[in-house]
Amino acid sequence: ILKCKIGPSVLNADLSQLYIESQKLLDNGADYLHLDVMDGQFVPNLSFGHPVVKCLRTKIPNAFFETHMMVQDPEKWIEPMADAGVDQYTFHIEPVLVNVLKVCRKIKEAGMKVGIALKPDTGIEAVRQYIDHADLILVMTVEPGFGGQSFMANMMPKVQWLRKNYPLLDIEVDGGVGLNTINACAEAGANMIVSGTAIISSGDQRAVIASLRETVES
Ligand code: DX5
Ligand code: ZN
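Residues numbered from 1 in each chain as written. Chains lettered and ligands numbered in written order. Predicted model: local features only at pLDDT ≥ 70, side-chain atom pairs only at ≥ 80, totals over all residues.

### Looking at the pairing of strand β8 (residues 192-195)
Neither face of β8 is exposed, since Met-192 and Val-194 on one face and Ile-193 and Ser-195 on the opposite face are all buried. In this structure, strand β7 (residues 170-174) lies alongside β8, joined through two bridges in parallel fashion. Looking at β8, one finds that Glu-172 is bridged to Met-192. Considered for its hand, the β-α-β crossover made up of β7, helix α7 (residues 182-188) and β8 is right-handed. (Buried ≥ 20, exposed ≤ 12 C-beta atoms within 10 Å, placed from the backbone. Helix = DSSP H or I, 4+ residues; strand = E, 2+ residues; numbered from the N terminus. Pairing = 2+ DSSP bridges. Right-handed = clockwise from strand over helix to strand, strands pointing away.)

### Observations concerning the site of ligand 1
As a structural note, the neighbourhood of ligand 1 is formed by 22 residues, with Ser-9, Leu-11, Gly-147, Gly-196 and Thr-197 the closest of them. Of all the secondary structure elements, the ones that give two or more residues to the shell around ligand 1 are β2 (32-38), β8 and α8 (197-200). (Near = placed C-beta within 6 Å.)

### What about the UniProt feature "active site" (unreviewed entry) in the protein?
Look at the UniProt record and you will see "active site" (unreviewed entry) annotated at Asp-36 and Asp-174. A stretch of 139 residues holds the annotated residues, and the largest C-alpha distance among them is 10.6 Å, short enough that they meet in one place. By secondary structure assignment, the location of Asp-36 is in strand β2. Note on Asp-36: 24 C-beta atoms within 10 Å, which makes it buried. Ignoring sequence-local partners within four residues, the contact set of Asp-36 consists of Ser-9, Leu-11, Ser-47, His-68 and Met-70. With respect to the helices and strands, Asp-174 occurs in strand β7. Look at Asp-174 and you get buried, because 27 C-beta atoms sit within 10 Å. Setting aside its immediate chain neighbours within four residues, Asp-174 contacts His-68, Leu-138, Met-140, Thr-141 and Val-194. (UniProt positions renumbered as here; feature names shortened; annotations may be inferred. Contact = placed C-beta atoms within 7 Å.)

### Structural notes on the UniProt feature "binding site: a divalent metal cation" (unreviewed entry) in the protein
Summarizing the sequence annotation, UniProt attributes the feature "binding site: a divalent metal cation" (unreviewed entry) to His-34, Asp-36, His-68 and Asp-174 in the numbering used throughout. Across 141 residues, the annotated set stays spatially compact, with a maximum C-alpha separation of 10.6 Å. Of note, His-34 is situated in strand β2. Setting aside residues no more than four positions away along its own chain, His-34 makes contact with Gly-7, Pro-8, Ser-9, Glu-66, His-68 and Val-194.

### Here we look at the sheet that holds strand β6 (residues 136-140)
The parallel open sheet is built from eight strands, whose spatial order is β1-β8-β7-β6-β5-β4-β3-β2. Unpaired on one side and paired on the other, β1 (5-8) and β2 mark the two borders of the sheet. Averaged over all neighbouring strand pairs, the angle between strand axes comes to 20 degrees, with direction disregarded. (Axes fitted to C-alpha atoms, helices over the stretch in contact; angles between N-to-C directions.)

### Considerations on helix α4 (residues 100-109)
Because an α-helix packs 3.6 residues into every turn, residues spaced three or four apart end up facing the same way. Within α4, burial applies to Val-100, Val-103, Cys-104 and Ile-107. The arc that holds the buried residues of α4, viewed along the axis, is 100 degrees, so those residues lie on one side. Along α4, exposed side chains directed more than 90 degrees from the buried face belong to Leu-101, Lys-102 and Glu-109. Where α4 is buried, its residues meet α3 (78-83), β4 (88-92) and β5 (113-118). Directly after α4, the chain includes Gly-111, whose backbone phi takes a positive value near 85 degrees. (Arc of directions from axis to C-beta.)

Here it is, written out as structure tokens:
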């Protein structure tokens, strides 16, 4: 019953053509869009925020939008992102350890699905007590901030633990995932696959997306 979903990250696409690049990914078989929001504080980089997501939504009314909130104050952007038409709000647990339940509740009240993300140095213990309040756990397989980094295979025990204990949970991996690393993710039990440069820089997006999916489903 747990479907495998492929969610390309547009971070390293030609952002001057965000709509065209996003639509192309969807036409080539993407199941959802993974939109990387960065505030220059939680991570040492800037990307785009809710005004851009809202414009994208007007051009793409139906696709599932996940925002990966690499921001210092995730609570602050819940309403603007809901208003922009976001379906799933995935926030990092690290800056908000005391307020996680409140953030989860507000995301739900705003009508979005709840995702909780873990940086590589954050252990499973930090998220354990909140899993029942989340729709998805995102296990980062690079330090958040930039696309095109190397996959950290030593994150797979976190995915394995989650899958073993939560057979029906959406478990997402993000960072350095491509044709050479998807196998490890699939074996560990991830079912939501974010992939940026591996898809964007490929000459045949459709083939890469299909083959990522095939590896997870087999
Ligand atoms: C990293 C972002 C990722 C990244 C994925 O901070 O969260 O979504 O853009 O890109 P690749 O697949 O190139 O690592
Ligand atoms: Zn991301």
